[in-house]
Amino acid sequence: MIEKFERRKIGEGIYLTEIVDPKFKANVVRIRFCMPLDEDNAGANVLTAMLLMTSNAHIRSRSELTKKFAGLYGSSIGTSWGNISDFQQVGFSMSCILDKYTIGGEKVSGEAMRELMRCIFEPDMTEGLFSEKYFALRKQELLDNIRAAVNDKRSYAYQRAKNTIYSGEPAALPELGSYERAEKITREELSERYGYMLKSAAMELTVCGGGEAAEAVEILTEAFGKIKRENVVSPGYRRPSPLKKEPAEVSEPMELKQSKMFMAFKSQCRDIYLCKVFVAMLGGSPFSKLFANVREKLSLSYYCDCAYSELKGTMFIDSGLDNANTDKARAAIMEQLRAMQEGDFTDEELENTKLLLKGGFKSNYDSEWDIAGWYAVQNTRGTSYSPEEVAVLIDKVTREQVVECAKSFELDSVFILKAVEKEEERNG
Amino acid sequence: MGKSTREIVRSERFGEQYTVIHHFSGLDVLVWPMPGFSTTEALFATRYGSVNTCFRTAKTGDFIQVPEGIAHYLEHKLFENEDTDVFDLYAATGASANAFTSFDETAYTFSTAENWEQALEILLDFVQKPYFTQENVDKEQGIIAQEIKMGEDSPFRKSYFDLLKALYVEHPVRIDIAGTVESIAQITPELLYDCYHTFYNLHNMVLSIAGNVDIDKVEEICDRLLIPAEDQDLETRFPQEPEGVAQKRVVDKFPIGLPIFDIGFKSEPCSGLEYEYRTAAARVVLQLLIGSTSRLYQEMFDEGLINSQLGYSVFSGSGSYFSCIISGESRDPDEVFRRLCAEIERIKQEGFDEEEFSVIKKARYGSYIRSLNNVENCADSMVDSYFNGTAVFDDAEALSKLTVEDCMKALDTMFDPEKSAISIIESSLGEGMQGQEKN
């Protein structure tokens, strides 16, 4: 179990979390920069992060840098990006085995950490500009990634649905921004974004793993503690999305075998853990209302799942359906929501759902990535609850509260990526 | 009734060990306690997957041919008991239950941080109690048809299965695990019972459990719930597979933003320790050949021919198929294939770089250490190695003994451009339409 949990401020808007659990054989390092999400900068922010992990002032070749980390027992580095509410987060991750597990006791973790710092603080720049060669390659990769978003139909449908659900809000934007904007990104612009990130982005740094973390913590504290900071972003992640006066109905055709339907419901209920219990009861388990009825009883879909964004106060229900069944599925989903609103569930269903949720939370302890991620999510909520502390909150949820919570969710939008046959299939 | 016996499988190198209980019922039970971990992961698995469509036992006499997708269908249907839904039973334990069917294996799983004993009782009980009726079999048709259609909408899955069809002429890995809407319509309760009684025999199965678990308690639960079975001389048959590929190149179209490709190199199947050595060698060769530190990767990346989505894997199973597969996105997949084959020829002449070989070996060792941190991975590894007739730590031993010469040999035998194929998914969207889709 966790021997040490410590979160402290090491600079203006910079927090360092250290988590030690001796059962782990490796340490992970997570570095996240958080900025307001806006169409103009979304792609450039991601591209800047990609370039920082491609080369640095000391190792100007991507393959040499990759080889360096591979030689440190595969201490892989990675770039990540994503939207959190109306904010954008870009970041870097590294995983490194503990020195005591290397062959012959080689010391690798300190060197891996120092190389990561070189990537962030000593970028591969000439006269203030990123390498022209890697800029062109990574920019093309960014454009390819934007194009490839359509490849995964379910996640593409989700992105298109968000466009309707969060219309007019930053959260509606795709993670990488638009293709047209990305095409116009310049190297000069990236120098500005790099400077902005170091100067103003909110920063969350985490070292989590089996121990031997003192050197990593010292290196991070020194490197990040000396940055000159100003106009630091203070992300208020909780930005509930306003409910539309009338539910929006949008349908887009695509060559598909199966339509993908997203229904969004919004609520004024601000009790995160109460909402989690309700959402899980409705469609978050194989014994939930939607699984038992839409899938098992009516055989309409393979999946009909519920997810909840507490920061936007929005619940999503998504399913894959035959075109002919979308109305039927929609009616069945509304019927199950009504059942919850009328208290048509047993105490057993409620208690079993709580048990499932609590077990899921506790399982975060078994992965250094998961437990680091758990506390990162807690930070977005302005809390630092442990899984056990959240279990206590879950246990306090009553059936009356669940009914009231269910009543608070109202339909906001329905988006369908509608299956149409290929031209040649239509023509027989 | 015989007695159960125990065997310890230990790795001095990693300081890890698990116990094999040869249970008197005929089942082997693999238990890996992991101190400090909260969760318990269990798999009750049978050596039965989508490729097992032709078989016989002492009882059936002649070989029987069953519809494609039936193993997966059976997996769905086993979750319904005569009197209740299995998920409702699990619900009271807090366990998260699931199942999967692969080409050569079906497994019923649970993961839980509470009440693992009760969850294990449910697992052992329901897998041994099939209940198929015309009504409940018919009901599943709609659900699985939607699962199949969901898969058909995935260009990645389409590309992968197109490649398998190109690589294999006769072998049933050519067929989608879930079957087709048409093939599953032929499934009846009687056929499901036939398959169940053939493959869900404890001699053909294994129980694997890792994490927060106690060996004595597992054995006590097994003693109570496992119904002893007689070995029934199961024999599965695969068609004779030629050495060569069925088709060199296959192309399909999908509404995607950037072409997707899968390239495969077919080689001789194998099992046991030979499998561990060949797999270890194949993985290192793939990394040396086209991994992110390789010369070829660097060249193609620098030219914008590939992006960081490039991946590779060893595809193998049931001692009847073995291929090395490279997947990715590219504006020109044919050129990627051409360069890859040329690089193989170059390395055959010039050899691998010794220093790069040792870097890759070290990286794989680090990756192995990290995998021992994962309860699910430990439970899965025990099943995989058991079905292969080896032990979990044999792959790490194989890696430690691997030499550059082994890799050169592997390149020769497992990366023959003559026995390779490419599957490409091109975009059906015009340039203009891609612009619309991007926003």
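Residues numbered from 1 in each chain as written. Chains lettered and ligands numbered in written order. Predicted model: local features only at pLDDT ≥ 70, side-chain atom pairs only at ≥ 80, totals over all residues. Heavy atoms only, no water.

Let's shift gears to the overall build of chain A. Within chain A one finds 16 helices and 13 strands. Against the compact-globule benchmark of 22 Å for 428 residues, chain A has a radius of gyration of 24 Å, which places it among compact chains. C-alpha atoms of chain A, sized along the principal axes, occupy 60 × 55 × 45 Å. Pairs at least 24 residues apart make up 80% of the contacts formed inside chain A by residues separated by at least 6 positions. Distance between charge centroids for chain A: 1 Å, based on 58 positive and 66 negative side chains. (Helix = DSSP H or I, 4+ residues; strand = E, 2+ residues; numbered from the N terminus. Rg over C-alpha atoms; globule rule 2.2 N^0.38 Å. Contact = heavy atoms within 4.5 Å. Lys, Arg positive; Asp, Glu negative; His and termini not counted. Charge placed at Lys NZ, Arg CZ, Asp CG, Glu CD.)

The next thing to look at is helix α11 (residues 326–341) of chain A. Residues and elements named next belong to chain A. If you check α11, its first and last C-alpha atoms are 23 Å apart, about what 16 residues at 1.5 Å a residue would give, namely 22 Å. When α11 is considered as a whole, its buried residues turn out to be Thr326, Ala329, Ala332, Ile333, Gln336, Leu337, Ala339 and Met340. Seen along its axis, α11 keeps its buried residues to an arc of 155°; they face one direction. At the C-terminal side of α11, Gly343 shows a positive phi close to 75°. (Expected span 1.5 Å × (residues − 1). Buried < 20%, exposed > 50% of the residue type's maximum accessible area, 1.4 Å probe, protein only. Arc of directions from axis to C-beta.)

On to empty space enclosed by the protein. Considering all chains together, one arrives at three cavities of 30 Å³ or more under this definition. Of the pockets and cavities examined, the largest cavity occupies roughly 100 Å³. Looking at the largest cavity, it is lined by 13 residues, and the ones nearest its centre are Gln140(A), Asp144(A), Gly304(B), Ile306(B) and Asn307(B). Take the lining of the largest cavity: its biggest share by element is four residues, from helix α4 (residues 132–148) of chain A. Grouping the amino acids of the lining of the largest cavity by side-chain chemistry returns five nonpolar, four polar and four charged. Approximately 50 Å³ is the volume found for the second largest cavity. Around the second largest cavity, the lining residues are Pro286(A), Phe287(A), Leu356(A), Phe87(B), Tyr90(B), Ala91(B), Ala95(B), Ser96(B) and Ala97(B). For the lining of the second largest cavity, the element with the most residues is helix α2 (residues 86–91) of chain B, which contributes three residues. (1 Å grid on protein atoms, 1.4 Å probe; cavity = no way out; pocket = protein on both sides within 12 Å on 5 of 7 lines; lining within 4 Å. Points joined across faces, edges and corners; volume = space filled by probe spheres on them. Nonpolar A, V, L, I, M, F, W, Y, C, P; charged D, E, K, R; others polar.)

Here we take up the domain arrangement of chain B. Residue and element names in this part refer to chain B. Split by domain assignment, chain B resolves into domain 1 (5–236) and domain 2 (249–438). For domain 1 versus domain 2, the separation of C-alpha centres amounts to 28 Å. Between domain 1 and domain 2, the contact holds 47 residues from the first and 49 residues from the second. For the domain 1 and domain 2 pair, buried surface summed over both sides reaches about 3,900 Å², with 72% attributable to carbon and sulfur atoms. For the pair domain 1 and domain 2, the interface holds two salt bridges. (Domains from an automatic or database assignment. Buried area = accessible area lost by both parts, 1.4 Å probe. Salt bridge = Lys/Arg side-chain N within 4 Å of Asp/Glu carboxyl O.)

In this section: the interface of chain A and chain B. Across the contact, 68 residues belong to chain A and 70 residues belong to chain B. In total, chain A and chain B occlude about 6,100 Å² of area from one another, counting both sides; carbon and sulfur atoms represent 53% of this. When residues of chain A are sorted by the area they lose upon contact with chain B, Arg147(A), Asn151(A) and Tyr302(A) head the list and together hold 11% of the total. Linking chain A with chain B are nine salt bridges.

As a further point, take the sheet that holds strand β1 (residues 4–11) of chain A. Remark on secondary structure: sheet strands pair via backbone hydrogen bonds, oriented parallel or antiparallel. All names here are of chain A. Read from one edge to the other, the open sheet built from six strands follows the order β1-β2-β8-β3-β5-β4, with strand pairing classed as mixed. Both outer strands of the open sheet, β1 and β4 (77–84), are each paired with one neighbouring strand and no more. Mean inter-strand twist for the sheet, computed between neighbouring axes without regard to direction, equals 15°. When strand β3 (residues 26–36) meets strand β8 (residues 202–209), the two strands line up antiparallel, connected through eight bridges. (Pairing = 2+ DSSP bridges. Axes fitted to C-alpha atoms, helices over the stretch in contact; angles between N-to-C directions.)

The element helix α1 (residues 70–77) of chain B is largely enclosed, with a buried count of eight among its eight residues. Listed as buried for α1(B) are Ile70(B), Ala71(B), His72(B), Tyr73(B), Leu74(B), Glu75(B), His76(B) and Lys77(B). Check the buried side of α1(B) and you find it contacts α10 (289–297) of chain A together with β7 (96–101), β8 (106–112), α4 (134–152), α6 (181–184) and α7 (189–199) of chain B.

Let us look at the domain arrangement of chain A. All names here are of chain A. The domains assigned to chain A are domain 1 (4–225) and domain 2 (248–426). For domain 1 versus domain 2, the distance between C-alpha centres works out to 30 Å. Both faces considered, domain 1 and domain 2 share a buried interface measuring about 2,700 Å² in area, 70% of it formed by carbon and sulfur atoms. The interface formed by domain 1 and domain 2 includes six salt bridges. One salt bridge in this structure joins Arg154 and Asp305, with 3.2 Å as the shortest N-O distance. In this structure, the connection of domain 1 to domain 2 is made through nine residue pairs in polar contact (both at pLDDT 80 or more). Mapped by element, the contributors of at least two residues to the side of domain 1 that touches domain 2 are β1, β3, β5 (87–97), α5 (153–165) and β8. The dominant element in the side of domain 1 that touches domain 2, judged by the number of residues it contributes, is α5, at nine residues. (Polar contact = N/O pair within 3.5 Å; in protein donor to acceptor, adjacent residues only side chain to side chain.)

On to the pattern of salt bridges. With the rule as written, the count across this model stands at 70 salt bridges over all chains. Note that Arg160(A) and Glu252(A) form a salt bridge whose closest N and O atoms lie 2.8 Å from each other. Here Arg160(A), found in helix α5, pairs with Glu252(A), found in strand β9 (residues 248–255); they are 92 residues apart in sequence, far enough to count as distant. No difference in accessibility class separates Arg160(A) from Glu252(A), as the two residues are buried. A salt bridge links Glu121(B) to Arg224(B), with the shortest nitrogen-to-oxygen separation between them at 2.8 Å. Placement of the pair is Glu121(B) in helix α3 (residues 116–127) and Arg224(B) in helix α8 (residues 215–225), with a sequence separation of 103 residues. With a relative accessible area of 47%, Arg224(B) lands in the partly exposed category. Residues joined in a network through salt bridges with shared partners are Lys68(A), Glu111(A), Arg114(A), Glu115(A), Arg118(A) and Glu215(A).

What follows concerns the nonpolar core. Within the largest apolar cluster, 131 residues are counted, with the highest numbers of intra-cluster contacts made by Ile31(A), Phe33(A) and Phe224(A). It is helix α9 (residues 272–290) of chain B that provides the largest number of residues to this core, a total of nine residues. Core analysis: the next-biggest nonpolar cluster, separate from the first, contains 54 residues, Phe44(B), Trp116(B), Ile122(B) and Ile221(B) among them. (Core = buried A, V, L, I, M, F, W, Y, C linked by side-chain atoms within 4.5 Å.)

Moving on to the sheet that holds strand β6 (residues 64–65) of chain B. Residues and elements named next belong to chain B. Strands sit in the order β6-β5-β10 across an open sheet of three strands; the sheet is antiparallel. In this open sheet, the two strands that pair with only one neighbour each are β6 and β10 (235–236). Examined bridge by bridge, strand β5 (residues 54–56) and β10 share two bridges and lie antiparallel to one another. Bridge pairing in β10 places Phe55 opposite Thr236.

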